[in-house]
Structure formats: C-alpha cells, structure tokens
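Each chain is listed here by its residues.
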Amino acid sequence: MKKILNFSSKNFSKILNSYILNNRNTNLDLSEKVKKIVNSIIDEGDKALSELTFKYDNYNIEKEGISINEKDINNAYKECNKELVIALEKAAQRISDFHEKQIPNNISYTDDNNVELASRWTPLDSVGLYVPGGKASYPSSVIMTAIPAKIAKVPEVSMCVPSPKGYLNPSILVAAKICGVDNIYKIGGAQAVAAMAYGTNTIKRVNKIFGPGNAWVAEAKRQLFGKVGIDMVAGPSEILVISDDKSNPNWIATDLLSQAEHDTESQSILITDNIEFATKVESAVDSLIESLERKDIAKASWSKNGIIIVLESLEHSIEIVNKIAPEHLEISTDNPELIAEKINNAGSIFLGRFVPEAIGDYIAGPNHVLPTARTARFSSGISTLDYMRRTSLIKCDLEALTEIAPSAIKIAENEGLEAHALSMKIRMSDFKNE
C-alpha cells in the first residue's frame, strides 16, 4: 500500500496538496542554454542550424539535405506497414470530421443605431508543426496538429522533425502526406523552433508553432512566444482516473500505465472509494509494468508521481479533480455523466468503463494536444479555432456616428485623451459646417 493515500490518513489534505503542487518540470536550468541556441539561429541562420543539427542529431544537413521530397514520401509508403497506413487514414478521417464541426461562423448585423458590425474568421497565413522523430514514431502528433490546419485552410503548413543520423520513421512521412503537410524539414530541438519562428534561407518563417516536444522544445516555445504564436507550453503527460470497485483492476492499471510509460515525469492518479479495489489496482500495476518495453520509464514515473487516493465517497472527488485540473480524466463508473457535469477543469474527459484514454490519443476525434500542469484551469486543448484569427469590422455613416459618438466622447474626455475625443467631434462638426 505504498502508493495509497487514504482520506482517513493523518495530514491527508497537506499530503495531497503537496502532491498536486509538485513541479514536475525538472529541467529548470535550460533557460540560458536554449537562449544561446535561439540567439545563434538569429545571428547565423542556416550555419548555426547546420552545426546544431550535426551536434545533437549527428546529421549533416548541408551534405544530406534538409528537406523531404516526393521520392522520400513514396519510399516511406513502401516501407510503412500497409495496415498502419489504413489505420492512419481512418484516424485522419475521424479527426477531420470532428474538427470540421469546429469551424466558427462569421457575424454580421446592423444594430439599432444603424452601426454595421461584423466579426470575421480567417486562417493564419502559415503554421509550423513540431513532431518528435528519430526511432520514436508519433504519427498521431502529425495528424492532431496538421488536420486542424487544413480544416482551417491555412495556406502553408511546415513541419520539423528530428532525424538522428538521418533516420526518419516512415509512418511520420506517411501521416504528413495524408494530412497535406506542405514542407517537411529534417531538424529538431530548440533550433528547429527558433528557425520556424525567425526563418532562415532554407526554413520558411511561420506565424504559429504547434506540437509537443522535449523540455528543450518547450522552453524554446516559451521564450519565443510573442515573436511567434504557440499552441501551449506543454509539460509531462497526466491521467486521473475516477473508478468504483465495479471496474476491472487490470483495465484501470493499464490506463495508469498508459501515461506512466510516456515520461519519467508523467503523472498517474487513481481516485476510488474502496480500499480493497485500490490495493488490487496497485498490485496490477506492479505486475503489468514488468511486461512493458518502456518499463524503466514507467517504473520511474509511477514511483515518483503515481498515487492512489481513497475517499469516503466518489462525490468528494469532484473538488480534488477541479483542483488538480488533469490533462486526461477517466470516469469509470455506472453513471459517469453525473460526475462529469460537475467537472470544470480537465483537458479531456472519458466517460464509462469502455473508453481508455488511449482511444482519445489516436482515433476518437477530439484533439490530443491538451493542457498540462494544472493549466486546464484556464485553457483548452487545441482546436480548429487555434489555426484562425478573428477580426472585427465596424462601419458608421454620419447618422450612426452622431448617435453613438457623444457617449464615446464623454468617456475619452474622462480618460484625458483629447485626440480620441477630437477625432469624433471633428467629423460631426465639419459635416455641419459644409
């Protein structure tokens, strides 16, 4: 019972708060290192990009090339498992169907003062996607970040993916082709983020950067926000499961491990109202973890950041969940909607016993790029709207201006902004004098 925290335990609230507020972003010393990389890209462009790519990925972009071409894509299709290609196409279609429903409507109307008002949505001019690469294969990250861009009709979508020693997993390129990515560059790390933010002779500058990455990538996005838009600064992955004792302990254990295997700093939490069930889940985790290929990562994550919380009633879980604001929330109970309707702070909610969080990672439809580190208290997962901007339009004739300007003039004068007031007065007075 080393991972179980019982509500009857001494200092339960203090221990729980300490766990919730624990900062799992351990690479806090990266700021200056990343700043140095960013500045080198600003100062030296492709030269620095080449040197850094060789240093970190052992890949010579000057000799071997930085861009993926049509031949590379065709070869990737030949190398990629055919069943995987079909699976990626199905996932892309489902993600596309969901994100199409997020396209916003423009607004246009004339109010009672004859002022014409409108709100217009347009796509960003360009976006950059960052996708982890090398031996790792995350085509789902390509789908989740590229599909909304195409749904929003972004004219140019670029993608950076690291290629250690020149290797790229073919599934990444297949996913990029399926999703219509325009430019693919074989670079990674903070240098790739900086290159997309500022542009170089070979890398096209973008307006906004999307996609997950390691601590270096996250820090680069944080530093460059403002120079370029970003989706979010993502931290280690999280899952919180609320479950009664009717669930299968092995199912719940695998759900907890599905996040633990991501990263040593990932967080896996179970909240239940039954101590015997809690013990069964803990035993199942300890048993199942041994079969995982990434068991060392999962063990470190579960040891450092895993916890099982036993409450008197699952009704009490609502306050805790809203405080934790998890990236992923599973509710494995008979009537999960009763709890879900009271949860305000969660990136994505999975309802019932037959919907593991992993289904949302790959194929359900909603985006899997979600807020972490309690940021679900004030932010959301990415959507089609993140690839668009909203512009307001205002039109007045003299009559409309005369109707509403006097009140605006009063406010401007109260704020001591004479030119503001004068810009309205002069139009009305000049017209009267004509």
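Residues numbered from 1 in each chain as written. Predicted model: local features only at pLDDT ≥ 70, side-chain atom pairs only at ≥ 80, totals over all residues. Heavy atoms only, no water.

A few words on the overall build of the protein chain. Helix and strand counts for the protein chain stand at 18 helices and 14 strands. Across its three principal axes, the protein chain shows a C-alpha extent of roughly 90 × 60 × 45 Å. When burial is assessed residue by residue, the protein chain has 48% of its 434 residues classed as buried. Once local pairs closer than 6 in sequence are excluded, the contacts in the protein chain between residues at least 24 apart make up 74%. If you sum the accessible surface of the protein chain, you get close to 21900 Å²; carbon and sulfur atoms cover 50% of it. Within the protein chain, the 57 negative side-chain charges are centred at a point lying 5 Å from the centre of the 48 positive side-chain charges. (Helix = DSSP H or I, 4+ residues; strand = E, 2+ residues; numbered from the N terminus. Buried < 20%, exposed > 50% of the residue type's maximum accessible area, 1.4 Å probe, protein only. Contact = heavy atoms within 4.5 Å. Areas by Shrake-Rupley, 256 points an atom, 1.4 Å probe, with all protein chains shown as cover. Lys, Arg positive; Asp, Glu negative; His and termini not counted. Charge placed at Lys NZ, Arg CZ, Asp CG, Glu CD.)

Right, let's talk about the sheet that holds strand β5 (residues 156-160) for a bit. Here we have five strands laid out as an open sheet, ordered β6-β5-β4-β7-β8, and parallel in their pairing. The outermost strands of the open sheet, each flanked by one partner alone, are β6 (183-185) and β8 (229-230). As judged from the three bridges shared by β5 and β6, these two strands associate in the parallel manner. Residue pairing for β6: Cys160 is matched across the bridge by Tyr185. Strands in contact with helix α9 (residues 189-198) are β4 (126-130), β5 and β7 (208-210); relative to β4, the strand with the most contacts, it is inclined by about 175 degrees. (Pairing = 2+ DSSP bridges. Axes fitted to C-alpha atoms, helices over the stretch in contact; angles between N-to-C directions.)

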